[in-house]
Amino acid sequence: MPVRGAAQLSRRLGQKKRLLEAEEPGSDLHGAPTPSPTEPRLGRPASLGPQRSLYFSSSKSCSARLGSEFFDQPAVALAQAFLGQVLVRRLDDGTELRGRIVETEAYVGPEDEAAHSRGGRQTPRNRGMFMKPGTLYVYVIYGMYFCMNVSSRGDGACVLLRALEPLGGLETMRQLRSALRKGTAGRALKDRELCSGPSKLCQALAIDKSFDQRDLAADTAVWMERSALGASEPAVVAAARVGIGQAGEWAQKPLRFYVRGSPWVSVVDRAAEQSTQSGPLASVCSHEAF
């Protein structure tokens, strides 16, 4: 064969070989592996910037903890908004105690004759009432019991937490209550007795004066979480507050709120239940009514 013809044949064979190699599984025209039919090839990203997860693409936090903005509302509205939310207390050993709020009382500020801030009075004891919304105001009664309040919008306004439905850590709550209670020594407390009163819930959660003026939105030992009950809203009863008989006309104002039908409420007011129109949360009454 002439040299020229042999060279042409060699070039044609070389081209054919390269074409055959290009069609073989496992390579593409640039020598990169070709995906198998059962493994779809991922396209090249349009951007070389940070990649986001397909499952967690939102940058918003999904934490259930209630922040400062939740507490920034008038006392009457906040007292009703608290119903159904979950109060959490973390003990030093990491144990978490949980209870759903079922009863509250609103104290609307200096004009409220039953409030510790009546007349605009400010003292070291009630300073928490004048701090930013969400600040705890814990005070002592009878020289040995504690009550826990949360400051709301408005100077000297707050909400008293009166009763919880125990959700978690019940045995620890029972031990804490048994160590401090009087009059029923030797009898095991029933679940509904653990947090059915403002001082009882403080005992059950180990809340004392050291919690006064803490920020409920930022503290690591006590905080509040949004209810996981969904969109359903409990029927709310508006009744007179408890134990304020010396407050004149303010003693009868319906500033105590509780979940209708809850067995965890401290005091049931049948007359108030008959006169209170059942409705969505935070619509029973408003601050303007007082």
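Note that the coordinates shown come from a computational prediction; the quantities given were computed from them, not determined experimentally.

(A) The arrangement of the packing of aromatic side chains in detail. Tallied over the entire structure, the rule returns four aromatic pairs. A cation over an aromatic ring shows up here: Arg241 above the ring of Tyr107, its NZ or CZ 4.5 Å from the ring centre. Between Lys253 and the ring centre of Trp250, over which it is positioned, the NZ or CZ distance is 5.0 Å.

(B) Up close: the pattern of salt bridges. Applying the stated criterion to the full structure yields 16 salt bridges. Measuring nitrogen to oxygen at the nearest pair gives 3.0 Å for the salt bridge that ties Glu103 to Arg162. Of this pair, Glu103 sits in strand β2 (residues 96–107) while Arg162 is found in strand β5 (residues 158–168), placing the two residues 59 residues apart along the sequence. One exposure class covers both Glu103 and Arg162, and it is buried. Two residues, Lys132 and Asp215, come together in a salt bridge whose shortest N-O distance is 2.9 Å. Here Lys132, found in the loop between β2 and β3 (136–141), pairs with Asp215, found in the loop between α5 (198–204) and β6 (222–225); they are 83 residues apart in sequence, far enough to count as distant.

(C) Geometry of the confidence of the model for the chain. For the chain, mean pLDDT is 80; residues scoring 70 or higher make up 70% of the total. Between residues 279–284, whose pLDDT stays under 50, and residues either more than four places distant or in other chains, the model counts 16 contacts.

(D) Helix α4 (residues 170–180), seen in detail. Those residues of α4 not exposed but buried are Met173, Arg174 and Arg177. Along the axis of α4, the buried positions cluster into a sector of 100°, meaning they face one direction only. Turned more than 90 degrees from where α4 packs its buried face, Gln175 and Ala179 sit exposed. Elements in contact with the buried residues of α4: β2, β5 and α5.

(E) Structural context of the nonpolar core. Of all hydrophobic cores here, the largest spans 66 residues; its most connected members are Phe71, Phe82 and Met148. With six residues, β5 is the largest single contributor of residues to this core.

(F) Geometry of the environment of Ile207. As for its placement among the helices and strands, Ile207 is situated in the loop between α5 and β6. C-alpha of Ile207 to C-alpha of Phe146: the two residues are 61 residues apart in sequence and 7.4 Å apart in space.

(G) Representation of the environment of Ala75 within the structure. Mapping Ala75 onto the fold places it in helix α3 (residues 75–81). Classification of Ala75 by relative accessible area gives buried; the value is 3%. On a C-alpha basis, the gap between Ala75 and Gly109 in space is 8.5 Å, while along the polypeptide they are 34 residues apart.

(H) Region of interest: the pairing of β2. Extensive coverage of β2 is indicated by the burial of 10 of its 12 residues. Sheet analysis places strand β1 (residues 86–90) next to β2, joined by five bridges and oriented antiparallel. Residue pairing in the sheet places Val88 in a bridge with Arg98 of β2. Two successive antiparallel strands, β1 and β2, enclose a turn made up of five residues, where Gly94 displays a positive phi of approximately 95°. As defined by bridge partners, β2 adjoins β5 across nine bridges and the pair is classed as antiparallel. Within β5, the residue paired with Thr104 across the bridge is Leu161. Where β2 meets strand β8 (residues 256–259), three bridges bridge the pair, whose relative direction is antiparallel. Pairing of Glu105 across the sheet is with Arg256, part of β8.

Definitions and cut-offs
Residues numbered from 1 in each chain as written. Predicted model: local features only at pLDDT ≥ 70, side-chain atom pairs only at ≥ 80, totals over all residues. Heavy atoms only, no water. Phe/Tyr/Trp six-rings, centres within 6.5 Å; stacked < 30°, edge-to-face > 60°. Lys NZ or Arg CZ within 6 Å of the ring centre and 35° of its normal. Salt bridge = Lys/Arg side-chain N within 4 Å of Asp/Glu carboxyl O. Helix = DSSP H or I, 4+ residues; strand = E, 2+ residues; numbered from the N terminus. Buried < 20%, exposed > 50% of the residue type's maximum accessible area, 1.4 Å probe, protein only. pLDDT = per-residue confidence, 0-100. Contact = heavy atoms within 4.5 Å. Arc of directions from axis to C-beta. Core = buried A, V, L, I, M, F, W, Y, C linked by side-chain atoms within 4.5 Å. Pairing = 2+ DSSP bridges.

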